[in-house]
Amino acid sequence: MAPRKLVAGNWKMNGDLAALDQVDEIAKAAQDAGCDVLICPPALLVHAMKARAGDMLLVGGQDCHTKASGAHTGDIAARQLCDVGATHVIVGHSERRADHSETSEDVAAKAAAAHEAGLTAIICLGETEDQRDAGSTLEVIAAQLAASVPSGATAGNTVVAYEPVWAIGTGRVPDTAQIAEVHDKLRQDLCAQLPDGAEVTLLYGGSVKAGNAAEIFAIPNVDGALVGGASLAAADFVPIIRAMT
Ligand code: PEP
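Quick caveat, the model's predicted, so the values are computed rather than measured.

A. Structural view of the pairing of strand β7 (residues 201-205). Taking burial as the measure, the five residues of β7 include five buried ones, the bulk of the element. In this region the chain leaves strand β6 (residues 158-162), passes through helix α8 (residues 176-193) and returns to the parallel neighbour β7; the handedness of that crossover is right-handed. Where β7 meets strand β8 (residues 224-227), two bridges bridge the pair, whose relative direction is parallel. Across the sheet, the residue bridging to Gly205 is Leu226, located in β8. Taken together, β7, helix α9 (residues 210-217) and β8 constitute a β-α-β crossover, and its handedness is right-handed.

B. Expanded view of the site of the ligand. Lining the immediate surroundings of the ligand are 13 residues, of which Ile168, Gly169, Gly205, Gly228 and Gly229 lie closest. Of the residues that constitute the shell around the ligand, the class distribution is five nonpolar, seven polar and one charged.

C. Fine view of the UniProt feature "binding site: substrate" (unreviewed entry) in the protein. The residues that UniProt annotates with the feature "binding site: substrate" (unreviewed entry) are Asn10, Trp11, Lys12, Gly169, Ser207, Gly228 and Gly229. Taken together, the annotated residues stretch across 220 residues yet fold into one region, lying no more than 14.1 Å apart by C-alpha. Inspection of the secondary structure puts Gly169 in the loop between β6 and α8. Ignoring anything within four residues of it in the chain, the contact list for Gly169 reads Gly228 and Gly229.

D. Broad picture of unusual backbone geometry. The phi angle at Lys12 is positive, at roughly 50°, despite the residue not being glycine. Counting through the fold element by element, Lys12 comes out in the loop between β1 (6-10) and α1 (23-32). Taking the number of C-beta atoms within 10 Å as the measure of exposure, Lys12 has 18 and is therefore partly exposed. The phi angle at Asn221 is positive, at roughly 70°, despite the residue not being glycine. Position of Asn221 relative to the elements: it lies in the loop between α9 and β8.

E. Representation of the packing of α9 against helix α10 (residues 234-244). Axis separation between α9 and α10 bottoms out at 9 Å; the angle between their running directions is 20°. Taken as axis vectors, α9 and α10 run roughly parallel relative to one another. Here α9 and α10 pass one another in a crossing that is right-handed. When α9 is examined against α10, the residues Ala210, Ala213, Ala214 and Phe217 are found in contact with a partner set consisting of Asp236, Pro239, Ile240, Ala243 and Met244. Considering only residue class, the contact of α9 with α10 consists of eight nonpolar, no polar and one charged.

What counts, and where the lines are drawn
Residues numbered from 1 in each chain as written. Predicted model: local features only at pLDDT ≥ 70, side-chain atom pairs only at ≥ 80, totals over all residues. Buried ≥ 20, exposed ≤ 12 C-beta atoms within 10 Å, placed from the backbone. Helix = DSSP H or I, 4+ residues; strand = E, 2+ residues; numbered from the N terminus. Right-handed = clockwise from strand over helix to strand, strands pointing away. Pairing = 2+ DSSP bridges. Near = placed C-beta within 6 Å. Nonpolar A, V, L, I, M, F, W, Y, C, P; charged D, E, K, R; others polar. UniProt positions renumbered as here; feature names shortened; annotations may be inferred. Contact = placed C-beta atoms within 7 Å. Axes fitted to C-alpha atoms, helices over the stretch in contact; angles between N-to-C directions. Parallel < 35°, antiparallel > 145°, perpendicular 65-115°, else oblique. Left-handed = near helix turned anticlockwise from the far one by under 90°.

Rendered as C-alpha coordinates:
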(Lines give C-alpha, C1' and ligand atoms only; values in the text may rest on other atoms or scores of the structure.)
Protein backbone atom coordinates (compact mmCIF):
# COMPACT_ATOMS: atom_id res chain seq x y z
CA MET A 1 0.00 0.00 0.00
CA ALA A 2 1.19 3.53 -0.72
CA PRO A 3 1.79 5.80 2.28
CA ARG A 4 -1.23 7.87 3.35
CA LYS A 5 -1.01 11.51 2.34
CA LEU A 6 -1.21 14.00 5.22
CA VAL A 7 -1.19 17.77 5.58
CA ALA A 8 -0.65 18.67 9.24
CA GLY A 9 -0.67 22.07 10.92
CA ASN A 10 1.32 22.81 14.07
CA TRP A 11 -0.08 25.86 15.82
CA LYS A 12 2.74 25.79 18.41
CA MET A 13 1.98 28.25 21.28
CA ASN A 14 -0.47 30.25 19.16
CA GLY A 15 -4.23 30.45 18.97
CA ASP A 16 -7.15 30.83 21.34
CA LEU A 17 -10.83 29.97 21.43
CA ALA A 18 -11.59 32.76 18.94
CA ALA A 19 -9.14 31.20 16.47
CA LEU A 20 -11.39 28.14 16.30
CA ASP A 21 -13.83 30.17 14.19
CA GLN A 22 -11.74 29.31 11.14
CA VAL A 23 -11.93 25.58 11.78
CA ASP A 24 -15.13 25.29 9.70
CA GLU A 25 -13.37 26.63 6.60
CA ILE A 26 -10.39 24.30 7.10
CA ALA A 27 -12.67 21.34 7.80
CA LYS A 28 -14.59 22.02 4.59
CA ALA A 29 -11.35 22.04 2.59
CA ALA A 30 -10.32 18.85 4.38
CA GLN A 31 -13.51 17.13 3.23
CA ASP A 32 -12.67 17.88 -0.41
CA ALA A 33 -8.99 16.98 -0.01
CA GLY A 34 -7.35 13.86 -1.32
CA CYS A 35 -5.40 13.53 1.92
CA ASP A 36 -5.80 13.46 5.68
CA VAL A 37 -5.79 16.91 7.28
CA LEU A 38 -4.66 17.37 10.88
CA ILE A 39 -4.28 20.35 13.16
CA CYS A 40 -2.21 20.22 16.34
CA PRO A 41 -3.31 23.23 18.41
CA PRO A 42 -2.07 23.93 21.95
CA ALA A 43 -3.30 21.10 24.18
CA LEU A 44 -5.84 23.41 25.86
CA LEU A 45 -7.68 23.74 22.54
CA VAL A 46 -7.71 20.08 21.44
CA HIS A 47 -11.07 19.30 23.01
CA ALA A 48 -12.83 22.41 21.71
CA MET A 49 -11.34 22.00 18.24
CA LYS A 50 -12.45 18.38 18.05
CA ALA A 51 -15.94 19.32 19.25
CA ARG A 52 -16.15 21.91 16.50
CA ALA A 53 -14.63 19.86 13.67
CA GLY A 54 -16.15 16.48 14.46
CA ASP A 55 -15.09 13.87 11.93
CA MET A 56 -14.21 16.47 9.29
CA LEU A 57 -10.71 17.13 10.62
CA LEU A 58 -8.09 15.22 12.58
CA VAL A 59 -6.84 16.89 15.76
CA GLY A 60 -3.58 16.19 17.58
CA GLY A 61 -1.27 17.25 20.39
CA GLN A 62 2.18 18.81 20.15
CA ASP A 63 3.92 16.71 22.82
CA CYS A 64 3.20 14.04 25.40
CA HIS A 65 4.92 12.60 28.46
CA THR A 66 6.73 9.28 28.41
CA LYS A 67 4.61 8.01 31.32
CA ALA A 68 0.90 7.12 31.24
CA SER A 69 0.09 9.13 34.40
CA GLY A 70 1.63 10.31 37.65
CA ALA A 71 3.35 13.15 39.47
CA HIS A 72 4.54 15.24 36.51
CA THR A 73 3.17 18.73 37.07
CA GLY A 74 2.35 20.57 33.89
CA ASP A 75 2.82 17.59 31.59
CA ILE A 76 0.22 15.80 29.49
CA ALA A 77 -0.16 12.06 28.99
CA ALA A 78 -0.86 10.56 25.59
CA ARG A 79 -4.00 8.90 26.96
CA GLN A 80 -5.34 12.31 28.02
CA LEU A 81 -4.90 13.62 24.49
CA CYS A 82 -6.70 10.57 23.20
CA ASP A 83 -9.49 11.10 25.73
CA VAL A 84 -10.31 14.56 24.33
CA GLY A 85 -10.34 13.43 20.71
CA ALA A 86 -6.75 13.54 19.49
CA THR A 87 -5.59 10.91 17.04
CA HIS A 88 -2.00 12.12 16.61
CA VAL A 89 0.76 13.70 18.65
CA ILE A 90 3.93 15.44 17.48
CA VAL A 91 7.05 14.23 19.29
CA GLY A 92 10.62 15.45 18.99
CA HIS A 93 9.91 18.78 17.34
CA SER A 94 13.21 20.67 17.13
CA GLU A 95 11.79 23.36 19.42
CA ARG A 96 11.16 20.72 22.10
CA ARG A 97 14.56 19.14 21.48
CA ALA A 98 16.16 22.61 21.94
CA ASP A 99 13.95 24.19 24.62
CA HIS A 100 13.60 21.06 26.76
CA SER A 101 16.84 19.25 25.93
CA GLU A 102 14.93 16.27 24.57
CA THR A 103 17.17 13.54 23.18
CA SER A 104 16.21 11.05 20.50
CA GLU A 105 15.90 8.44 23.26
CA ASP A 106 13.35 10.69 25.01
CA VAL A 107 11.55 11.06 21.71
CA ALA A 108 11.40 7.28 21.22
CA ALA A 109 9.95 6.89 24.73
CA LYS A 110 7.31 9.54 23.98
CA ALA A 111 6.45 7.86 20.67
CA ALA A 112 6.12 4.52 22.48
CA ALA A 113 3.79 6.16 25.04
CA ALA A 114 1.73 7.58 22.17
CA HIS A 115 1.47 4.14 20.56
CA GLU A 116 0.46 2.57 23.86
CA ALA A 117 -2.39 5.10 24.13
CA GLY A 118 -3.51 4.44 20.54
CA LEU A 119 -2.16 7.67 19.05
CA THR A 120 -0.14 8.07 15.87
CA ALA A 121 3.23 9.62 16.70
CA ILE A 122 4.60 12.22 14.30
CA ILE A 123 8.33 11.87 14.93
CA CYS A 124 10.26 15.00 13.92
CA LEU A 125 13.93 15.13 13.02
CA GLY A 126 16.24 17.41 11.09
CA GLU A 127 19.72 18.83 10.86
CA THR A 128 20.96 22.23 12.05
CA GLU A 129 22.54 24.65 9.62
CA ASP A 130 26.01 23.87 11.00
CA GLN A 131 25.44 20.16 10.43
CA ARG A 132 24.34 20.78 6.83
CA ASP A 133 27.31 23.06 6.20
CA ALA A 134 29.59 20.36 7.61
CA GLY A 135 28.16 17.85 5.11
CA SER A 136 26.77 15.58 7.82
CA THR A 137 23.04 15.91 7.09
CA LEU A 138 22.41 12.30 6.06
CA GLU A 139 24.45 10.94 8.95
CA VAL A 140 22.56 13.14 11.47
CA ILE A 141 19.19 12.18 10.01
CA ALA A 142 20.02 8.47 10.04
CA ALA A 143 21.17 8.60 13.67
CA GLN A 144 18.06 10.54 14.76
CA LEU A 145 15.76 8.15 12.93
CA ALA A 146 17.39 5.03 14.35
CA ALA A 147 17.22 6.38 17.92
CA SER A 148 13.81 8.13 17.76
CA VAL A 149 11.64 5.35 16.30
CA PRO A 150 10.65 2.89 19.05
CA SER A 151 10.14 -0.82 18.67
CA GLY A 152 6.50 -1.44 17.90
CA ALA A 153 6.42 1.37 15.34
CA THR A 154 4.45 0.60 12.19
CA ALA A 155 3.13 2.55 9.23
CA GLY A 156 -0.20 2.56 11.04
CA ASN A 157 1.02 4.34 14.16
CA THR A 158 3.99 6.38 13.00
CA VAL A 159 4.63 9.34 10.71
CA VAL A 160 8.12 10.78 10.22
CA ALA A 161 8.60 14.50 9.57
CA TYR A 162 11.85 15.81 8.13
CA GLU A 163 12.23 19.38 9.38
CA PRO A 164 15.60 21.02 8.78
CA VAL A 165 16.05 23.27 11.83
CA TRP A 166 17.35 26.15 9.68
CA ALA A 167 14.18 26.09 7.54
CA ILE A 168 11.66 26.32 10.41
CA GLY A 169 10.03 29.73 10.55
CA THR A 170 12.80 31.31 8.49
CA GLY A 171 11.30 31.42 5.00
CA ARG A 172 14.29 29.39 3.80
CA VAL A 173 13.56 26.05 2.15
CA PRO A 174 16.00 23.38 0.95
CA ASP A 175 15.97 22.93 -2.81
CA THR A 176 14.02 20.02 -4.23
CA ALA A 177 17.16 17.90 -4.71
CA GLN A 178 18.10 18.38 -1.04
CA ILE A 179 14.62 17.38 0.17
CA ALA A 180 14.59 14.41 -2.23
CA GLU A 181 17.98 13.21 -1.01
CA VAL A 182 16.92 13.21 2.66
CA HIS A 183 13.51 11.66 2.03
CA ASP A 184 15.11 8.94 -0.10
CA LYS A 185 17.51 8.17 2.74
CA LEU A 186 14.66 8.15 5.28
CA ARG A 187 12.67 5.76 3.10
CA GLN A 188 15.63 3.41 2.70
CA ASP A 189 16.33 3.42 6.44
CA LEU A 190 12.66 2.95 7.35
CA CYS A 191 12.46 -0.02 4.99
CA ALA A 192 15.49 -1.52 6.71
CA GLN A 193 14.12 -0.76 10.20
CA LEU A 194 10.43 -1.66 9.87
CA PRO A 195 8.65 -4.46 7.99
CA ASP A 196 6.21 -1.91 6.51
CA GLY A 197 8.69 0.99 6.24
CA ALA A 198 7.68 1.55 2.60
CA GLU A 199 4.22 2.59 3.81
CA VAL A 200 5.24 5.10 6.50
CA THR A 201 4.03 8.61 5.72
CA LEU A 202 6.99 10.98 5.30
CA LEU A 203 6.30 14.69 5.78
CA TYR A 204 8.49 17.65 4.90
CA GLY A 205 8.34 20.64 7.26
CA GLY A 206 10.03 24.04 7.17
CA SER A 207 8.55 27.22 5.68
CA VAL A 208 5.93 25.41 3.59
CA LYS A 209 3.54 27.93 2.05
CA ALA A 210 0.84 28.08 -0.61
CA GLY A 211 3.50 29.19 -3.11
CA ASN A 212 5.87 26.24 -2.67
CA ALA A 213 3.57 23.42 -1.51
CA ALA A 214 2.80 21.90 -4.93
CA GLU A 215 6.48 21.76 -5.86
CA ILE A 216 7.36 20.10 -2.53
CA PHE A 217 4.48 17.59 -2.78
CA ALA A 218 5.77 16.50 -6.21
CA ILE A 219 9.10 15.33 -4.75
CA PRO A 220 9.41 11.51 -4.54
CA ASN A 221 8.86 10.15 -1.02
CA VAL A 222 7.23 13.38 0.19
CA ASP A 223 3.78 12.31 1.38
CA GLY A 224 2.69 15.65 2.78
CA ALA A 225 3.78 18.48 5.03
CA LEU A 226 4.03 19.61 8.61
CA VAL A 227 3.19 23.31 8.48
CA GLY A 228 3.85 25.84 11.23
CA GLY A 229 3.26 29.53 10.53
CA ALA A 230 1.13 28.99 7.44
CA SER A 231 -1.29 26.75 9.34
CA LEU A 232 -2.44 29.52 11.67
CA ALA A 233 -4.85 31.20 9.25
CA ALA A 234 -7.31 29.34 7.03
CA ALA A 235 -6.46 31.72 4.17
CA ASP A 236 -2.89 30.39 4.21
CA PHE A 237 -3.55 26.77 5.16
CA VAL A 238 -6.42 25.92 2.80
CA PRO A 239 -4.36 26.53 -0.38
CA ILE A 240 -1.69 24.15 1.00
CA ILE A 241 -4.35 21.47 1.52
CA ARG A 242 -5.60 22.10 -2.01
CA ALA A 243 -2.06 21.75 -3.38
CA MET A 244 -2.17 18.12 -2.27
CA THR A 245 -5.52 17.46 -3.97
C1 PEP B 1 7.22 23.65 12.27
O2 PEP B 1 7.44 24.28 13.27
O3 PEP B 1 6.97 22.44 12.35
C4 PEP B 1 7.29 24.33 10.98
C5 PEP B 1 7.46 23.60 9.93
O6 PEP B 1 7.21 25.69 11.02
P7 PEP B 1 7.13 26.68 9.75
O8 PEP B 1 6.19 26.07 8.75
O9 PEP B 1 6.63 27.97 10.29
O10 PEP B 1 8.52 26.78 9.20
